[in-house]
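Below are the chains, spelled out letter by letter.
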Amino acid sequence: MKLQGTMEVSQDGILEVAGHNLVDIAEEYGTPLYILDEKEIRDNCRAYREAFEKWYPNSETLYASKAFLSVAMARIIDQEGLGLDVVSGGELHVALEADFPVEKIYFHGNNKTPDEIEMALDAGIKSFVVDNQYELELLNQLAGKHGVVQDILLRVTPGIEAHTHSYIQTGQTDSKFGVGVQNGLALETIKQVKELKNVKLVGLHCHIGSQIFKLKSFAKAIEVMMDFVEEVKEETGLVMEELNLGGGIGIPYTEDEEKPSIDQYAEIVTKTIKETCESLDMPLPKIINEPGRSIVGTAGSTIYRVGSVKQIPNIRKYVAVDGGMPDNIRPALYDAEYEACVVNKADQELEETVTITGKCCESGDILIKDIKLPHIEPGDILLTSCTGAYGYAMSSNYNGVTRPGVLLLSENNIDWIVKPESKQDLISNDVLPERLK
Ligand SMILES: Cc1ncc(COP(=O)(O)O)c(C=O)c1O
Ligand SMILES: N[C@@H](CCCC[NH3+])C(=O)O
């Protein structure tokens, strides 16, 4: 089995990342533990920037913070020249703490609160991606209060069902996100914008979903979007200068998944835009893309220590690790599949089929069902690959489990970028009223 991600096997049969022996890392930093390969993050950022620069004259890549954000991650993203997509006051706060340039921050979300909107207006971010008519009115009112005319993009649904898990499809008309192109709501909203004094519509946004491999789905969305840009111009006289295409391509979590390269993605997307603009005789818009998973997903892994091992005669061998659904909810939520490796037996034959479970009181707390591994025993170190995106970001304290820390690895450095939580952290917001003392 070829493990996805950036791991290598050392001469002693131990798994390494960025030249660091992961058994030593587990001993020194403890388990469970998220590790991130800094070079892979930087390489992926560059791959997006370079691919779009190569194929298109005017583009910007933002990193979708929701995949994984910390102050250090925001610094890396800035150093690599990407902008940032945030979806909450919390993500914006992290970005501001990292001194992320506000002129490169875009604010998403289908229910931004007045407080969040005011926080972003105060900070002076570049743009809001407005989701609906209620938000439009609210933003216009608050921008007026702040004495600014705020640039916005409008999020629209092109009516496309992308080939991915239904929970992460977002381009269909029946969606909690955006306003529909096909049912006329998008055009109605744009007409409404024309009447407002404190917002300026500079473009459109669409995001058809996440973990998508089929480039045709992106091309289809662009065709619908460009036809709509034309319709907007005819109906309202407004020229959409920016087109934000949402998240990036999927990543292969398992060996049998084959993904198009970032370059192929950029080529198809930009070619479709150029061809459509030519056939409609329209100027090329600025294009924005906002990948998350394909920037940080393959850079991350999770290291666990194996505890109980239970053979149910003639049925299954359960191998329990010291983490589980609190650090990776994706298998339980989306039936997501992962691959794993026994770090200290990385060169050994795959001789038994086991099921990797977490330590939570949930039968659904299964990380990997029926995976072939070397003979596995309590004390072994297990790594699940490609957990960099939506792993830590979606983690919880369920069952009173503390969140693992995030360790950033590069050739010459090993740094905590998020410390592991302590048990005391679990009660840091608890209050004991006088009457219960
Ligand atoms: C609006 C928006 N932009 C960007 C992303 C990032 O997507 P991905 O991680 O698939 O690149 C998402 C997540 O699905 C999203 O909802
Ligand atoms: N959290 C999702 C993707 C993000 C969806 C955001 N629109 C996942 O783990 O696959």
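Residues numbered from 1 in each chain as written. Chains lettered and ligands numbered in written order. Predicted model: local features only at pLDDT ≥ 70, side-chain atom pairs only at ≥ 80, totals over all residues.

**Let's talk about the UniProt feature "binding site: substrate" (unreviewed entry) in the protein chain**
No. 1: The feature "binding site: substrate" (unreviewed entry), as annotated in UniProt, sits at R293, R330, Y334, E362 and Y390 in this numbering. A maximum C-alpha distance of 26.8 Å among these annotated residues, which run over 98 residues, shows that they spread across the structure rather than meeting at one spot.
No. 2: If you trace the backbone, Y334 turns up in helix α11 (residues 330-334).
No. 3: Residues within four places of Y334 in sequence aside, it is in contact with H165 and Y167. (UniProt positions renumbered as here; feature names shortened; annotations may be inferred. Helix = DSSP H or I, 4+ residues; strand = E, 2+ residues; numbered from the N terminus. Contact = placed C-beta atoms within 7 Å.)

**Comments concerning the site of ligand 1**
No. 1: Neighbouring ligand 1 are 16 residues; A64, S210, G247, G292 and R293 lie closest to it.
No. 2: Among the residues forming the shell around ligand 1, the class breakdown is 5 nonpolar, 8 polar and 3 charged. (Near = placed C-beta within 6 Å. Nonpolar A, V, L, I, M, F, W, Y, C, P; charged D, E, K, R; others polar.)

**Concerning the environment of S166**
No. 1: Structurally, S166 can be placed in the loop between β9 (150-157) and β10 (179-180).
No. 2: Given 9 C-beta atoms within 10 Å, S166 falls into the exposed group. (Buried ≥ 20, exposed ≤ 12 C-beta atoms within 10 Å, placed from the backbone.)

**As for helix α6 (residues 133-145)**
No. 1: Here α6 contains 13 residues, and its C-alpha end-to-end distance of 19 Å stays within 8% of the 18 Å for a straight helix at 1.5 Å per residue.
No. 2: Where α6 is concerned, the buried positions are E135, L136, L139, N140 and A143. Considered in projection along α6, the buried side chains sweep an arc of 135 degrees and stay on one side of the axis. Relative to its buried face, α6 has exposed residues pointing more than 90 degrees away, namely Y134 and K145.
No. 3: Looking at the residues trailing α6, positive phi occurs at G147, about 70 degrees. (Expected span 1.5 Å × (residues − 1). Arc of directions from axis to C-beta.)

**Examining the nonpolar core**
No. 1: L154, M225, V343 and L382 are the most contacted members of the largest nonpolar core, which has 116 residues in total.
No. 2: The element best represented in this core is helix α8 (residues 215-236), accounting for 9 residues.
No. 3: Both domains that meet at this core, namely domain 1 (7-30 + 299-426) and domain 2 (38-295), each give it at least three residues.
No. 4: Every residue in contact with M225, bar those within four places of it in the chain, is listed here: P158, L204, C206 and L243. (Core = buried A, V, L, I, M, F, W, Y, C linked by C-beta atoms within 7 Å. Domains from an automatic or database assignment.)

**What about unusual backbone geometry?**
No. 1: The step from T31 to P32 runs through a cis peptide bond, and the omega angle for that step is -10 degrees.
No. 2: Mapping P32 onto the fold places it in the loop between α1 (22-29) and β4 (33-37).
No. 3: For D281, which is not glycine, the phi dihedral falls at a positive 55 degrees.
No. 4: Summarising the element assignment, D281 is placed in the loop between α9 (262-280) and β13 (286-289).
No. 5: For D281, a count of 7 C-beta atoms within 10 Å translates into the label exposed.
No. 6: Residues other than glycine seldom take positive phi values, yet C386 does so here, at roughly 60 degrees.

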